[in-house]
Amino acid sequence: MAVRLGDIAPDFKAETTEGEVSFHDWLGDKWGVLFSHPADFTPVCTTELGMVSKLKGEFDKRNTKVIGLSVDPLDSHKKWINDINETQNTTVNFPMIADDDKNVSTLYDMIHPNANDKLTVRSVFIVGPDKKVKLTLTYPASTGRDFNEILRAIDSLQLTAKYSVATPVNWKDGDDCIIINSISDEDAEKKFPKGFTKVKPYLRTTPQPNK
Ligand code: BEZ
């Protein structure tokens, strides 16, 4: 069954390149990104995993752990990591799940048979410290993901979890936010001391509250 926003992210135990992981315990009180790629020793995946390694410091800053997955076995992951390190000029620094029994990919509905009945698609699940799924993405094998967009989305998720705001189109950290409509103007004055602009009764903007 599909994993939907607001669901508890299914827990699992899995072999990874950094030893056995029990997902919820591994997350602890942090945010998490679980992402799948179709197959080891493939070009787009090689660039994606290299980029995630390079962005590890950005995920750390956001108190977020990252874990990859494909249905390839552990010895394949380990051999491929050497290629990723060599060609992408990096050192892979996060665990990759060896899901050769398809346990996790089935739990998370990462195999879409009408796309490919054997390999995972490019799924992303962002999980909050409460273990609930906050965001999902699904890309086909031919389209590499933009992990800067995933960082941007984490910024929005973390901000909107804490303040009564939403983030508008193309928002990035530091930009003005939108006050959610359940907050009255009177409460908005108290909650947002930097003030707000009322463009329409349903469209009120305010400087990012935590900046
Ligand atoms: C790739 O990562 O390059 C890839 C993987 C599976 C199918 C197509 C492309």
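What comes next is a walk through the structure.

Calculation rules
- Residues numbered from 1 in each chain as written.
- Predicted model: local features only at pLDDT ≥ 70, side-chain atom pairs only at ≥ 80, totals over all residues.
- Heavy atoms only, no water.
- Helix = DSSP H or I, 4+ residues; strand = E, 2+ residues; numbered from the N terminus.
- Buried < 20%, exposed > 50% of the residue type's maximum accessible area, 1.4 Å probe, protein only.
- Contact = heavy atoms within 4.5 Å.
- Areas by Shrake-Rupley, 256 points an atom, 1.4 Å probe, with all protein chains shown as cover.
- Lys, Arg positive; Asp, Glu negative; His and termini not counted.
- Charge placed at Lys NZ, Arg CZ, Asp CG, Glu CD.
- Near = heavy atom within 4 Å.
- Polar contact = N/O pair within 3.5 Å; in protein donor to acceptor, adjacent residues only side chain to side chain.
- Nonpolar A, V, L, I, M, F, W, Y, C, P; charged D, E, K, R; others polar.
- Expected span 1.5 Å × (residues − 1).
- Salt bridge = Lys/Arg side-chain N within 4 Å of Asp/Glu carboxyl O.
- Pairing = 2+ DSSP bridges.
- Phe/Tyr/Trp six-rings, centres within 6.5 Å; stacked < 30°, edge-to-face > 60°.
- Axes fitted to C-alpha atoms, helices over the stretch in contact; angles between N-to-C directions.
- Parallel < 35°, antiparallel > 145°, perpendicular 65-115°, else oblique.

In this section: the overall build of the protein chain. In terms of regular secondary structure, the protein chain is built from seven helices and 11 strands. The principal-axis extents of the C-alpha atoms in the protein chain amount to approximately 60 × 35 × 30 Å. The proportion of buried residues among the 211 residues of the protein chain is 44%. Put simply, 65% of the contacts in the protein chain that link residues at least 6 apart link residues at least 24 apart. Roughly 10700 Å² of accessible area belongs to the protein chain as shown, and the carbon and sulfur atoms make up 50% of that amount. One finds the centroid of the 27 positive side-chain charges in the protein chain at a distance of 6 Å from the centroid of its 31 negative side-chain charges.

Before going further, it helps to spend a moment on the site of the ligand. Neighbouring the ligand are the residues Pro38, Thr42, Pro43, Val44, Cys45, Arg122 and Ala141. Within the backbone of proline 43, a nitrogen or oxygen atom sits 3.3 Å from an oxygen atom of the ligand. Contacts to the ligand include cysteine 45, whose backbone N or O atom sits 2.8 Å from an oxygen atom. In isolation the ligand exposes 260 Å². Once the protein is present, 74% of that is buried. Counting residues per element, the shell around the ligand draws most heavily on helix α2 (residues 43-54), at three residues. Taken together, the residues of the shell around the ligand sort by class into five nonpolar, one polar and one charged.

With that out of the way, let us pick up helix α6 (residues 147-162). An α-helical segment advances 3.6 residues per turn. Residues three or four places apart therefore align on the same side. The terminal C-alpha atoms of α6, which comprises 16 residues, lie 23 Å apart, in line with the 22 Å expected from a rise of 1.5 Å per residue. When we look at burial in α6, the residues that qualify are Phe147, Ile150, Leu151, Ala153, Ile154, Asp155, Ser156, Leu157 and Leu159. Between a side-chain oxygen at the N-terminus of α6 and the backbone nitrogen of asparagine 148 the separation is 2.9 Å; the capping residue is aspartate 146.

This paragraph deals with the side chain of lysine 131. Positionally, lysine 131 belongs in the loop between β6 (122-127) and β7 (133-139). Nearest to the buried, unbridged lysine 131 among oppositely charged side chains is aspartate 25, at 7.3 Å. What lysine 131 contacts, discounting residues up to four positions off in sequence, is Asp7, Ile8, Ala9, His24, Leu27 and Gly28.

Okay, the sheet that holds strand β9 (residues 177-179) next. The strand order β8-β9-β11-β10 describes an open sheet built from four strands, whose pairing is antiparallel. Both edges of this open sheet fall to β8 (165-166) and β10 (197-200), since each of them pairs with a single strand only.

A ring pair, where both rings are aromatic, is described by two values, the distance of the centres and the angle of the planes. Counted under the stated rule, the structure contains seven aromatic pairs. Between phenylalanine 35 and phenylalanine 94, the ring centres sit 6.0 Å apart and the planes meet at 50°, which makes this aromatic pair tilted. Remark: phenylalanine 94 occurs in the loop between α4 (74-88) and β5 (96-98) and phenylalanine 35 occurs in strand β3 (residues 31-36); sequence separation between them is 59 residues. Take phenylalanine 35 and phenylalanine 94: they sit in the same class, and that class is buried.

So, on to unusual backbone geometry. Non-glycine residue phenylalanine 41 carries a positive phi angle of around 55°. Within the secondary structure, phenylalanine 41 is located in the loop between β3 and α2. We note that lysine 131 has phi near 70°; this positive angle belongs to a residue other than glycine.

Quick look at the packing of α2 against α4 now. Pairs of packed helices are described in terms of their axes, by the angle between the two and the distance that separates them. One way to put it is that α2 packs onto α4 with a least axis distance of 9 Å and a crossing angle of 75°. In this view, α2 runs roughly perpendicular relative to α4, as classed from their interaxial angle. Contact with α2, carried on its side by Cys45, Thr46, Thr47, Leu49, Gly50 and Lys54, involves Trp80, Ile84, Thr87 and Gln88 of α4 and no other residues of that element. Of the residues contributing to the contact of α2 with α4, the split by class is four nonpolar, five polar and one charged.

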